[in-house]
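So you can see what is in the structure, the chains are spelled out below.
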Amino acid sequence: MTNHWIDIKNTDCCLIIGSNAAEHHPVCFKWVMKAKEERNATVIHVDPKFSRTSARADFHVPLRSGTDIAFMGGMINYILTNNKYFKDYVKNYTNASFIVNDNFSFNNGLFTGFNPQTKLYDKKNWQFAVDEKGQIRKDPTLQHPRCVINMLKQHFSRYTIQKVSDITGVSPDNLLKVYEAFTATGKADKAGTVLYALGWTQHTVGVQNIRTSGIVQLLLGNIGVAGGGINALRGEPNVQGSTDHCILYHVLPGYLPLPRANMPTLAEYKKKTTPLTNESTSVNWWQNRPKYIVSYLKGFFGKNATKENDFGYNWLPKGDIPKSERDGDYSYIYIMEKMLKGEIKGGSIWATNPAQSLPNTNKNRKALENLDFLYMAEIHQNETTDFWHAPGVDPKKVKTEMFLFPSCHRAEKEGSISNSGRWVLWHYKAVNPMGDSRSMGQIMIDIMKEVIDLYKEEGGTFKEPLVNLNWYKKYDAELVAKRINGYYTSGPNKGKQVNGFSELADDGSTASMNWLYAGSITDDENRMKRRSLKQTPMQKEIGIYPNFSWCWPMNRRVLYNRASVDINGQPWDPSRAVIRWTGATWEGDVPDGGAPPMAMKGGKSPFIMLKDGLGQLYGTGLVDGPMPEHYEPIETPLRNHGFSGQLNNPCAKLATSEMDKIAAPADPRFPIVLTTYSVTEHWCGGSETRNVPSLLEAEPQLYVEISHELAAEKGIKNGDPVIVESMRGRVEAVAMVTVRITPFRVQGRTVHLIGMPFAFGWTKKGIGDATNRLTVWAGDPNTSIPEYKACCVNIRKADKVTELA
């Protein structure tokens with residue numbers, strides 16, 4: 001989130017899209033309702049099905065799953081066509097005036113530089129035009145035909161109300177109602193916020209979905225302001241903290257890029273990953289990356305990391321160089337494919353359930369049978385711990401040797417958890433672990449201690465990364481937190497904690513396992529434990545609460561908050577000031593970079609994490625285009641969407657094993673769109689909550705929500721047992737015939753959509769198995785996140801009850 005939970009109360013218009021916030025993020029929704037009740041804020045819910053969020057919104061707009069870019073592209077077109085954008089903000093704080101390279105073009109769904117063999121773009125012609133000094137050419141008048149704002153106008157001019165309606169299934173009246181309500185926030189004294197969740201990310205265009213909101217919010221001046229922002233709603237299992245600490249394969253902690261094979265030395269890594277700019281007003285904060293990677297290596301290898309050995313950089317694994325969409329991708333998509341082919345010998349799985357919660361679970365379960373060994377730590381047994389004796393599986397024919405370690409519950413250990421608003425809060429141990437169960441941290445330490453000792457005693461291939469680890473003797477949450485924060489390794493402050501990432505250095509004198517968390521635990525206090533409600537009067541106006549917990553980075557509650565003021569440092573909206581320039585310093589929230597306002601000597605642009613310092617209406621960072629473009633999901637009921645001749649994302653990542661079958665466009669066997677979602681009563685895939693009797697009683701079995709129209713067409717009644725089938729498998733469920741799901745009118749014909757939760761599995765008898773037996777292994781090209789939210793299926797009434805066995 002650019003902002004935080006409490007700040008939602010400051011909004012004038014809340015657009016909830018790709019999320020059922022009321023049921024899945026109720027703490028968030030508390031503040032949505034506060035904005036509605038106290039500010040008379042307009043609440044808009046855009047989602048394929050009606051839910052409790054829809055019931056509390058001013059209006060619900062159902063759209064066909066997978067058409068969000070068309071929907072948001074229509075809003076961008078509406079803003080630009082009707083001059084709804086916040087002109088001073090756009091002129092001073094975005095790259096609207098930057099002139100795009102003459103060689104860049106867009107033709108029939110493809111940007112310049114696409115290679116159909118590798119499914120990758122060469123982005124050299126996406127860049128901006130530069131002058132003889134290497135500075136970006138600009139047109140402050142915004143008249144040049146190739147300046148960014150005019151390129152946007154041209155690109156999104158195709159997204160007319162009628163064409164967007166034809167593809168999304170949203171009526172023209174509803175489109176205009178949303179566009180008019182939200183774009184009314186493009187003024188100095190208004191603010192609008194966008195809340196999204198997995199309904200946006202779990203598509204083959206997931207990142208570009210989010211990019212559309214970035215463009216909208218920059219045009220309207222809603223980034224950095226109170227009540228504004230783009231706010232991802234992260235889930236209960238510490239999703240934000242897990243992401244910060246590199247649960248994704250392509251980054252190290254603190255979002256440092258994964259070293260690749262073309263970066264054999266630390267010097268090469270710094271050169272290839274540290275951005276340079278010639279823009280004098282840019283802070284370009286990532287120029288500090290060398291300090292963060294060296295401090296990370298010192299934290300990782302301790303005293304064994306020295307200047308002479310490149311601080312142990314050679315001991316880090318190097319990813320392959322991406323030469324196609326799958327090279328160097330170590331996500332589940334290709335891990336499971338390699339496992340199925342017998343190319344992976346063994347491994348470990350921690351706190352996840354891929355035999356239930358990943359797409360095409362029939363394939364994943366088969367793949368697990370090809371391992372020599374697998375070890376897991378879990379609180380409860382689930383579909384992955386027990387895959388070797390699942391229904392239809394003969395344990396005698398499964399070669400995988402399975403080890404299961406009992407993990408204790410979160411209430412039986414202490415540590416930190418990071419919420420969606422980047423607040424890092426300490427939680428305490430309530431009771432001691434039961435039996436011989438241990439925290440996952442302790443289990444990992446115990447296993448790796450034995451492995452390290454074996455390498456020290458017996459040697460082995462490339463032992464250095466293991467024997468040189470700065471490893472732990474036991475799991476101590478505060479000690480781990482201190483190492484994450486960072487400390488001095490030499491000099492007069494040796495052994496002391498750093499107070500913030502500005503103290504980190506690239507000479508080996510500091511260690512930090514995650515630069516973003518520097519300042520979270522000092523020598524004086526564990527700031528994550530703070531619970532004071534003390535605020536200054538200015539902070540109290542909008543609810544900053546700087547003394548409650550700690551927030552990365554540097555306890556800043558609103559990111560890019562220097563965009564909340566004009567070029568003289570005065571708030572766009574004084575009644576909702578985030579920061580203010582006093583003439584000598586900033587007051588309010590922790591300013592995003594300490595530079596003075598742009599109009600003053602030494603003033604800097606507000607978007608400090610972006611190389612050129614300005615918000616990117618046009619950006620070259622993503623692999624699948626500098627501007628969003630509508631593409632259909634990999635499985636679609638359409639043959640042509642009408643915006644171009646390119647049906648699907650050309651860069652999408654696809655599994656290609658013989659078990660990864662994909663339905664052809666508009667396949668008559670599978671004409672219905674399936675979308676999946678979680679339920680309030682079950683935590684993610686349900687491994688834990690299915691073992692809590694009261695929660696299982698509240699949501700006892702797998703069901704499928706279908707419209708009355710589709711039910712009549714298929715001869716299905718409410719409560720009937722049904723079979724849902726895709727190209728990859730089938731599931732059995734109970735039909736819930738409901739008005740919450742409605743048919744869509746798309747390109748002049750009816751397209752049906754059904755919805756299913758993904759929280760059930762066979763290890764609890766009589767509740768149904770994984771919905772993911774139906775879903776498709778296709779991923780976003782930037783993140784590899786699977787397309788859970790849209791695939792094509794058919795549904796029929798079960799011939800007899802025995803079909804549900």
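The sections below set out a description of the structure shown in this document. These figures come from a predicted structure and were not determined experimentally. (Residues numbered from 1 in each chain as written. Predicted model: local features only at pLDDT ≥ 70, side-chain atom pairs only at ≥ 80, totals over all residues. Heavy atoms only, no water.)

### Topic: the sheet that holds strand β13 (residues 373-378)
Part 1 of the argument: Reading across from one edge, β12-β13-β14 is the order of the three strands in this open sheet, with parallel pairing throughout. The sheet is open, and its two borders are formed by β12 (346-350) and β14 (401-406), each paired with just one other strand. The sheet shows a mean angle of 15° between the axes of neighbouring strands, taken without regard to direction.
Part 2 of the argument: Of the strand pairs in this sheet, β13 and β14 are connected by six bridges, and their pairing is parallel. Its bridge partner being in β14, A377 is matched across the sheet by F405. (Pairing = 2+ DSSP bridges. Helix = DSSP H or I, 4+ residues; strand = E, 2+ residues; numbered from the N terminus. Axes fitted to C-alpha atoms, helices over the stretch in contact; angles between N-to-C directions.)

### Focus: the packing of helix α12 (residues 266-273) against helix α13 (residues 289-301)
Part 1 of the argument: Interhelical geometry of α12 versus α13 gives an angle of 140° and a closest axis separation of 10 Å. Considering their axes alone, α12 and α13 lie oblique with respect to each other. The interaxial crossing formed by α12 with α13 has right-handed handedness. For the pair formed by α12 and α13, the contact residues are L266, Y269, K270 and T273 on the first element and R289, P290, I293, V294 and L297 on the second. (Parallel < 35°, antiparallel > 145°, perpendicular 65-115°, else oblique. Left-handed = near helix turned anticlockwise from the far one by under 90°. Contact = heavy atoms within 4.5 Å.)

### With respect to the sheet that holds strand β15 (residues 415-418)
Part 1 of the argument: Overall, antiparallel pairing links the three strands, which are arranged β15-β16-β19 in an open sheet. Only two strands of the sheet have a single neighbouring strand rather than two, namely β15 and β19 (550-551).
Part 2 of the argument: With two bridges joining them, strand β16 (residues 423-427) and β19 adopt antiparallel strand pairing. Bridged to W423 within β19 is C551.

### Comments concerning the pattern of salt bridges
Part 1 of the argument: Taken as a whole and assessed by the stated rule, the structure comprises 36 salt bridges.
Part 2 of the argument: Between R728 and E635 there is a salt bridge whose closest N-O contact spans 2.9 Å. One end of the pair, R728, is in the loop between β25 (721-725) and β26 (730-737); the other, E635, is in the loop between β21 (586-588) and β22 (653-654), with 93 residues separating them in the sequence. There is no split in this pair, since R728 and E635 are both buried.
Part 3 of the argument: A salt bridge links R773 to D769; its shortest N-O distance comes to 3.8 Å. No difference in accessibility class separates R773 from D769, as the two residues are buried.
Part 4 of the argument: A single network of salt bridges, built from pairs that share partners, joins R365, R730, E732, D769 and R773. (Salt bridge = Lys/Arg side-chain N within 4 Å of Asp/Glu carboxyl O. Buried < 20%, exposed > 50% of the residue type's maximum accessible area, 1.4 Å probe, protein only.)

### Quick look at the pairing of β15
Part 1 of the argument: Relative to β16, β15 runs antiparallel, the two being bridged by four bridges. In the sheet register, G415 faces β16, and the bridge partner there is H427.
Part 2 of the argument: Counting the residues in the hairpin turn of β15 and β16 gives four residues, including R422, whose phi is positive at 70°.

### Some thoughts on the environment of M513
Part 1 of the argument: In this structure, M513 sits in the loop between β18 (510-511) and α20 (537-542).
Part 2 of the argument: Distance in space between the C-alpha atoms of M513 and N470 is 11 Å, their sequence separation being 43 residues.
Part 3 of the argument: Other than its neighbours up to four places away in sequence, M513 contacts P253, Y296, G299, F300, R483 and I484.

### Examining helix α16 (residues 361-368)
Part 1 of the argument: Burial analysis of α16 places six of its eight residues in the buried class, the great majority of the element.
Part 2 of the argument: Considered for burial, the residues of α16 that qualify are T361, K363, N364, R365, A367 and L368.
Part 3 of the argument: Contacts from the buried residues of α16 go to α14 (332-340), β12, α15 (354-357) and β13.

### Structural notes on the packing of aromatic side chains
Part 1 of the argument: Under the defined criterion, the tally for this structure stands at 35 aromatic pairs.
Part 2 of the argument: An angle of 35° between the planes, with centres 5.3 Å apart, marks the rings of Y296 and F300 as tilted. Separated by four residues within a single helix, Y296 and F300 lie in helix α13, roughly one turn from each other.
Part 3 of the argument: Here Y296 falls in the buried class, since its relative accessible area comes to 6%.
Part 4 of the argument: Ring centres 5.0 Å apart and planes at 70° place the aromatic pair F501 and W515 in the edge-to-face group. (Phe/Tyr/Trp six-rings, centres within 6.5 Å; stacked < 30°, edge-to-face > 60°.)

### Quick look at unusual backbone geometry
Part 1 of the argument: The omega torsion of the bond from W552 to P553 falls at -5°, within 30 degrees of zero and hence cis.
Part 2 of the argument: Considering the arrangement of structural elements, one finds P553 in the loop between β19 and β20 (579-581).
Part 3 of the argument: A positive phi angle, close to 55°, is found at N108, a residue other than glycine.

### Quick word on the environment of G214
Part 1 of the argument: Topologically, G214 is positioned in helix α10 (residues 206-220).
Part 2 of the argument: Remark: the alpha-carbon pair of G214 and L617, spanning 403 residues in sequence, is separated by 7.5 Å.

### Description of the side chain of R260
Part 1 of the argument: Within the secondary structure layout, R260 lies in the loop between β11 (256-257) and α12.
Part 2 of the argument: Among buried Asp, Glu, Lys and Arg side chains, R260 stands out as unpaired, with D320 the closest opposite charge at 7.0 Å.
Part 3 of the argument: One polar contact links the side chain of R260 to the main-chain carbonyl oxygen of G328, over a distance of 2.9 Å.
Part 4 of the argument: Not counting residues up to four positions away in its chain, the partners in contact with R260 are Y249, H250, K318, G319, D320, P322, G328 and Y330. (Lys, Arg positive; Asp, Glu negative; His and termini not counted. Polar contact = N/O pair within 3.5 Å; in protein donor to acceptor, adjacent residues only side chain to side chain.)

### Section: the pairing of strand β29 (residues 753-757)
Part 1 of the argument: Counting buried positions over the five residues of β29 gives five, a clear majority of the element.
Part 2 of the argument: Neither face of β29 is left uncovered, since the one carrying L753, G755 and P757 and the one carrying I754 and M756 both have all their residues buried.
Part 3 of the argument: Alignment of strand β23 (residues 672-677) against β29, held across five bridges, turns out to be parallel. Bridged to T675 within β29 is G755.

### Quick word on the environment of S242
Part 1 of the argument: Summarising the element assignment, S242 is placed in helix α11 (residues 239-244).
Part 2 of the argument: The partly exposed category is assigned to S242, whose relative accessible area is 24%.
Part 3 of the argument: For the pair S242 and M33, spaced 209 residues apart in sequence, the C-alpha separation works out to 29 Å.
Part 4 of the argument: Those residues in contact with S242 that sit more than four places away from it in its chain are P237 and I247.

### Some points on the nonpolar core
Part 1 of the argument: Of all hydrophobic cores here, the largest spans 82 residues; its most connected members are L15 and F71.
Part 2 of the argument: The element that contributes the greatest number of residues to this core is helix α4 (residues 68-81), accounting for nine residues.
Part 3 of the argument: Apart from residues lying up to four places away in sequence, L15 is in contact with I44, V46, M72, M75, V178, F182, T193, V194 and L195.
Part 4 of the argument: Counting 45 residues, the second largest nonpolar core, distinct from the first, contains V283, W286, W426 and I452. (Core = buried A, V, L, I, M, F, W, Y, C linked by side-chain atoms within 4.5 Å.)

### Description of the packing of α4 against helix α7 (residues 161-168)
Part 1 of the argument: The interhelical angle for the contact between α4 and α7, taken along N-to-C directions, is 165°, at an axis separation of 9 Å. Judged by the angle between their axes, α4 and α7 are roughly antiparallel. The handedness of the crossing between α4 and α7 is left-handed. Counted together, A70, F71 and G74 of α4 and V164, I167 and T168 of α7 form the full contact between these two elements.
Part 2 of the argument: Here the residues of the contact of α4 with α7 are counted per class, giving four nonpolar, two polar and no charged. (Nonpolar A, V, L, I, M, F, W, Y, C, P; charged D, E, K, R; others polar.)

Distances and angles like these do not, on their own, reveal function.
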